[in-house]
2 protein chains.
Amino acid sequence: MNPVGPEGQREPHAAAGGGEAQEGEGRRGRHERPGEAPASAPLKVALLGCGVVGSQVVRLMHEQADDLAARVGAPLRLAGVAVRRPGRKRDGDVDPALITTDAEALVTRDDIDIVIEVIGGIEPARSLMLAAMAGGKSVVTANKALLAEDGATVHGAAKAGGVDLYYEASVAGAIPLLRPLRESLAGDRVHRVLGIVNGTTNYILDKMDSTGASFTDALEEAQALGYAEADPTADVEGFDAAAKAAILAELAFHSRVTAADVHRQGITEITATDVASAKAMGYVIKLLAICARSEDGRSVGVRVHPAMIPRSHPLAGVREAYNAVFVEAESAGQLMFYGKGAGGAPTASAVLGDLVAVARNRLAGTRGPQASTYADLAVHPMGETVTRYHVSLDVADKPGVLATVAEMFAKHDVSIQTVRQEGHGDDAQLVLVSHRASDAALSATIEGLRELDIVRGVTSVMRVEGDDIR
Amino acid sequence: MNPVGPEGQREPHAAAGGGEAQEGEGRRGRHERPGEAPASAPLKVALLGCGVVGSQVVRLMHEQADDLAARVGAPLRLAGVAVRRPGRKRDGDVDPALITTDAEALVTRDDIDIVIEVIGGIEPARSLMLAAMAGGKSVVTANKALLAEDGATVHGAAKAGGVDLYYEASVAGAIPLLRPLRESLAGDRVHRVLGIVNGTTNYILDKMDSTGASFTDALEEAQALGYAEADPTADVEGFDAAAKAAILAELAFHSRVTAADVHRQGITEITATDVASAKAMGYVIKLLAICARSEDGRSVGVRVHPAMIPRSHPLAGVREAYNAVFVEAESAGQLMFYGKGAGGAPTASAVLGDLVAVARNRLAGTRGPQASTYADLAVHPMGETVTRYHVSLDVADKPGVLATVAEMFAKHDVSIQTVRQEGHGDDAQLVLVSHRASDAALSATIEGLRELDIVRGVTSVMRVEGDDIR
């Protein structure tokens, strides 16, 4: 599917309205009826970073000023924009008078109510957010890396400061995902979150699947089209998806999960042959982020790796750079959220949604629901994860080969679901798909196979997911 | 797609904890840190109705008591259940001591904090909700009929009472949809909401499509399986979907929309032939709820009717009784939400999600964001809606027929995209698909065609949607 963006009906620029905000007035003065007739004093917003996302935030705050004011109950005024290179040309007509290079001074300004952080990375983003929250400002951020690496610190600062920390934009761009997990499913028990949360790798894998291209060629095309960066490491090695998986798991299971807890494997090893043989079996290869509760419900597994999923699976139909996330909850059953996972405007949409929520909370003198880790579930090692393997072996074509290979699976208590031999003589390939077993048993089986004389080589090993929700 | 529900990991029943709640204590006493360590005094919940949904609410409030308490910051205690037939056998082990037939007395009890209404229908639901809100209780409801017919009254009562009115469960069951529209997209401009919001009709149309069954046979199967009621009118005539469309439109466009504003057409007229000819063209027939902003952005159209959509459209893959809703917003682009649109447990999941939110708000002494109608857009008549028609004509097979038919389209400024003739002689069928035009012009064209001598009959007229997001 390849949606076409709707025509934009733009409203004329509307000024955010006059009047200076007395600090904290929102908390005291406008408590009784949040979200009613716009109050006169605007809420002042500081923006950290004015790149692809930041410039869209500026544009939309201008264009939708009237709507935002009506939805919040007070005008939102952009009071400062911190950038590294003030001279740089920008979209979204940023008022030059708002530009500053002193982010530290901006986030500690007395009149600032809310800080939007779209710089990304760990520092200086973290120090600036901590300074802002210590000063009683609420924060809206799209910073997945920081939340996944050091979420405890920033969540703790929000709690200590009695302020909001919202970050919908940090995962799956415009797709409402964190709010549904945190709020809509607050009365349910999430069992599994399984999704495509990195558009770059999905674009590459989709091209490999639809055109038969190699990883390198598909990556070059993605780079040419701006879907992949010059240094694609964060995307193709799964770091970006792993950070998102940690954030999703923390919310879904109310337990502390960091990027370091996530088993991570990228897509750089995937060959055109892997893609073709998956296709031949009615499967497609996707880079999945999987956060799952263990059978006994006492621990969670969080992993990012390529996997074969049936073409009949809803995630198999997610093309190009789109994202989609499946959530399986005990009562709700299976839910899917689909949309654009990246890009300036989509990410800005998520940022502004959070901005409106945070602004409403300030007017109401309260905080929104925070991420909680009360369940305190342990993250179990990858070895304990139950999954299935698709294995291709380059074998000698002689009697007894299959028996020897089957023995190795049996030795590790891994049962084989299907096996087929392709070609013969020197080209003999044995392709096996296992039943569900622990990842430890499966990888031990692979190690064992490598040591067999009759196995010339293990040509590919790929996990198989999603059969249970075909 | 046909997901299988996950295995339920159940916690042993946990009591909601002791201590009497002093009325209003929540508002005063626990203001500073919402959502922290569970406070001792429980919030008391009254349940109105204990049928398919209500009994699941009771079960889940028992089984997930500890989780709910941790997420709210205080235990939730079921304090009373109003039913019509107290003797009736129920699932979810309802404590008989909680059962009452005096709903009026229950909703006005001093110690009740939150009222859950799952009776459905206009009365007595409305009177009970109004009494509850007048008494300062927040309300969680699944009542789409009431919200669509008289939303102004109940929203007004919530505002006047300074309480919450949450109703996620009223549309698309477990699918988080109202919260994303109201909150996640609060910083964006929604252009169109297009979705499958009635599981019964989707099941029937899916069966007709996959088996070639007639409407009557498919309906009987749906009734046998419990997907359709003995009196299927509300579903098959589109009343249920129309109520949901009104609720979605009101939230999406921040304007008052009632069921009476919704153009409604059911699926009872759809024949196996319609389905087959759609299939032959690569289309599938779905009952769609469509809420769309006009080209100039100054009005909205809200309609429910069967439509042909391309098989490549994501909504085409929504099988059986599932629901899915597409949302097109200016910055976010296209989003899709998919899941179970009905059923006891899924609907209860949505109810409990709202219950947690409403309970958190009470502890924080605030209200959540309310539905706003500040934009006050007019709902334009169906005639002004721009759409496309697929028309089948039974014609005399003689020279000049096509010319005459084409003239009639031209007369009403409707241009033809495709035309093809099937069969000849007495069986000649002319099948035309128009380009986009106003519904008024299209229906005038159809009227004109009916009057032509060479047109023996207009065998079918169906709107075509979704080509623009193929």
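What you see is a predicted model, and the numbers here were worked out from it, not measured in a lab. (Residues numbered from 1 in each chain as written. Chains lettered and ligands numbered in written order. Predicted model: local features only at pLDDT ≥ 70, side-chain atom pairs only at ≥ 80, totals over all residues. Heavy atoms only, no water.)

Glancing now at the overall build of chain A. When helices and strands are tallied, chain A shows 15 helices and 18 strands. The C-alpha atoms of chain A give 25 Å as radius of gyration, which agrees with the globular expectation for 470 residues (23 Å, within 12%). Projecting the C-alpha coordinates of chain A onto the three principal axes gives extents of approximately 90 × 45 × 35 Å. Here chain A, with 470 residues, has 62% of them falling under the buried criterion. Sequence-distant contacts, at least 24 apart, represent 75% of the contacts inside chain A between residues at least 6 apart. With the model as given, the accessible surface of chain A reaches about 16900 Å², and the carbon-plus-sulfur share is 50%. Within chain A, one finds 47 positive and 62 negative side-chain charges whose respective centroids are separated by 4 Å. (Helix = DSSP H or I, 4+ residues; strand = E, 2+ residues; numbered from the N terminus. Rg over C-alpha atoms; globule rule 2.2 N^0.38 Å. Buried < 20%, exposed > 50% of the residue type's maximum accessible area, 1.4 Å probe, protein only. Contact = heavy atoms within 4.5 Å. Areas by Shrake-Rupley, 256 points an atom, 1.4 Å probe, with all protein chains shown as cover. Lys, Arg positive; Asp, Glu negative; His and termini not counted. Charge placed at Lys NZ, Arg CZ, Asp CG, Glu CD.)

Residues and elements named next belong to chain A. Mapped onto this numbering, the UniProt entry gives "active site" (unreviewed entry) at Lys244. Here lysine 244 is to be found in helix α11 (residues 239-253). On the basis of relative accessibility, which here comes to 6%, the residue lysine 244 falls in the buried class. For lysine 244, the residues in contact, after removing those within four places along its chain, are Lys144, Ser170, Val171, Ala172, Val197 and Asn198. (UniProt positions renumbered as here; feature names shortened; annotations may be inferred.)

A word on the UniProt feature "binding site: L-homoserine" (unreviewed entry) in chain A. Those residues carrying the UniProt feature "binding site: L-homoserine" (unreviewed entry) are A:Glu229 in this numbering. Topologically, A:Glu229 is positioned in the loop between α9 (215-224) and α10 (233-236).

This part is about helix α5 (residues 125-134) of chain B. Residues three or four positions apart in an α-helix share a direction because the helix packs 3.6 residues into each turn. Residues and elements named next belong to chain B. Of all the ten residues making up α5, seven are buried; the element is thus mostly covered by neighbouring parts of the structure. Every buried residue of α5 is accounted for by Ala125, Arg126, Leu128, Met129, Ala131, Ala132 and Met133. Looking at the packing, one finds that the buried side of α5 touches β1 (43-48), α4 (103-107), β4 (114-117), β5 (138-141), α6 (144-161) and β6 (165-166). Phi for glycine 136, located one or two positions after α5, is positive at around 85 degrees.

This part covers the pairing of strand β18 (residues 455-464) of chain A. Residue and element names in this part refer to chain A. Of the strand pairs in this sheet, strand β10 (residues 299-310) and β18 are connected by two bridges, and their pairing is parallel. Across the sheet, the residue bridging to methionine 308 is valine 464, located in β18. Of the pairings in the sheet, the one linking strand β14 (residues 386-395) to β18 comprises eight bridges and is antiparallel in character. Bridge pairing links leucine 393 to valine 458 in β18. (Pairing = 2+ DSSP bridges.)

Another aspect to go through is the confidence of the model for chain A. All names here are of chain A. Averaged over all residues, the pLDDT of chain A is 89; the fraction at 70 or higher stands at 90%. Predicted confidence for residues 1-38 stays below pLDDT 50, and this span has 88 contacts to residues more than four positions away or in other chains. Prediction confidence for the complex, expressed as pTM and ipTM, is 0.89 and 0.87 respectively. (pLDDT = per-residue confidence, 0-100.)

The tally for this structure, following the rule as stated, stands at 52 salt bridges over all chains. Between A:Lys144 and A:Asp240 there is a salt bridge whose closest N-O contact spans 3.5 Å. Linking A:Lys144 in helix α6 (residues 144-161) with A:Asp240 in helix α11, this pair joins segments that are 96 residues apart in sequence. Assessed through its relative accessible area of 24%, A:Lys144 is described here as partly exposed. Residue classification places A:Asp240 among the buried residues on the basis of a relative accessible area of 12%. The residue B:Asp354 makes a salt bridge to B:Arg179 at a minimum N-O spacing of 3.3 Å. Residue B:Asp354 is found in helix α13 (residues 344-364), and its partner B:Arg179 is found in helix α7 (residues 178-184); the two are separated by 175 residues along the sequence. (Salt bridge = Lys/Arg side-chain N within 4 Å of Asp/Glu carboxyl O.)

Residue and element names in this part refer to chain A. When cut into domains, chain A gives domain 1 (43-173 + 345-364), domain 2 (179-341) and domain 3 (385-464). Here the C-alpha centroids of domain 2 and domain 3 sit 26 Å apart. Counting from both sides, the interface comprises 14 residues of domain 2 and, opposite them, twelve residues of domain 3. Summed over both sides, the interface of domain 2 with domain 3 buries roughly 1000 Å², with 57% coming from carbon and sulfur. On the domain 2 side of the contact with domain 3, Met281, Arg303 and Met308 bury the most area, a combined 43% of that side's loss. (Domains from an automatic or database assignment. Buried area = accessible area lost by both parts, 1.4 Å probe.)

Residues and elements named next belong to chain A. Here glutamate 123 and proline 124 are connected by a cis peptide whose omega angle stands at 10 degrees. Here proline 124 is to be found in the loop between β4 (114-117) and α5 (125-134). One non-glycine residue, aspartate 413, adopts positive backbone phi at about 55 degrees. Structurally, the position occupied by aspartate 413 is in the loop between α14 (401-411) and β15 (416-422).

All names here are of chain A. Interaxial distance between helix α8 (residues 199-211) and α9 falls to 9 Å at its minimum, and their mutual angle equals 125 degrees. When the interaxial angle is binned, α8 and α9 end up oblique. Crossing of α8 over α9 shows right-handed handedness. Contacts from Tyr203, Ile204, Lys207 and Met208 of α8 reach α9 at Phe215, Ala218, Leu219, Glu221 and Ala222. (Axes fitted to C-alpha atoms, helices over the stretch in contact; angles between N-to-C directions. Parallel < 35°, antiparallel > 145°, perpendicular 65-115°, else oblique. Left-handed = near helix turned anticlockwise from the far one by under 90°.)

This part takes up the sheet that holds strand β5 (residues 138-141) of chain A. Two modes of strand pairing occur in sheets, parallel and antiparallel, and in both the strands are linked by backbone hydrogen bonds. Residues and elements named next belong to chain A. The six strands lie next to each other as β3-β2-β1-β4-β5-β6, forming an open sheet whose pairing is parallel. The outermost strands of the open sheet, each flanked by one partner alone, are β3 (99-100) and β6 (165-166). With six bridges connecting them, strand β1 (residues 43-48) and strand β2 (residues 76-82) associate as parallel partners. Looking at β2, one finds that alanine 46 is bridged to glycine 80. Packed on one face of the sheet, α5 meets β1, β4, β5 and β6 and runs near 150 degrees to β5.

Attention shifts here to the sheet that holds strand β3 (residues 99-100) of chain B. All names here are of chain B. Taken together, the six strands give an open sheet; going across it, the order is β3-β2-β1-β4-β5-β6, and neighbouring strands pair in parallel fashion. Strands at the two margins of the open sheet, each flanked by one partner only, are β3 and β6. Packed on one face of the sheet, α5 meets β1, β4, β5 and β6 and runs near 150 degrees to β5.

On to the packing of aromatic side chains, then. With the rule as written, the count across this model stands at five aromatic pairs over all chains. Between A:Tyr322 and A:Tyr338 the ring centres are 5.2 Å apart and the planes differ by 10 degrees, which places this aromatic pair in the stacked class. One end of the pair, A:Tyr322, is in strand β11 (residues 322-329); the other, A:Tyr338, is in strand β12 (residues 333-340), with 16 residues separating them in the sequence. On the basis of relative accessibility, which here comes to 7%, the residue A:Tyr322 falls in the buried class. Here B:Tyr203 and B:Tyr227 contribute two aromatic rings whose centre-to-centre distance is 4.4 Å and whose plane-to-plane angle is 35 degrees, an arrangement assigned as tilted. You can see B:Tyr203 sitting in helix α8 (residues 199-211) and its partner B:Tyr227 sitting in the loop between α9 (215-224) and α10 (233-236), a full 24 residues away along the chain. The class for B:Tyr227 is partly exposed, based on a relative accessible area of 36%. (Phe/Tyr/Trp six-rings, centres within 6.5 Å; stacked < 30°, edge-to-face > 60°.)

Before going further, it helps to spend a moment on α13(B). Residue and element names in this part refer to chain B. Between its first and last C-alpha atoms α13 spans 30 Å; for 21 residues at 1.5 Å apiece the expected length is 30 Å, and the two agree. Across the 21 residues of α13, 21 count as buried, placing the element largely inside the fold. Note on α13: the residue one or two positions beyond its end, glycine 365, has a positive phi of about 70 degrees. (Expected span 1.5 Å × (residues − 1).)

Moving on to the side chain of A:Asn198. Residues and elements named next belong to chain A. Relative to the helices and strands, asparagine 198 resides in the loop between β7 (190-196) and α8. On the basis of relative accessibility, which here comes to 5%, the residue asparagine 198 falls in the buried class. In this structure the side chain of asparagine 198 is engaged in a polar contact, spanning 2.7 Å, whose partner is the side chain of threonine 201. (Polar contact = N/O pair within 3.5 Å; in protein donor to acceptor, adjacent residues only side chain to side chain.)

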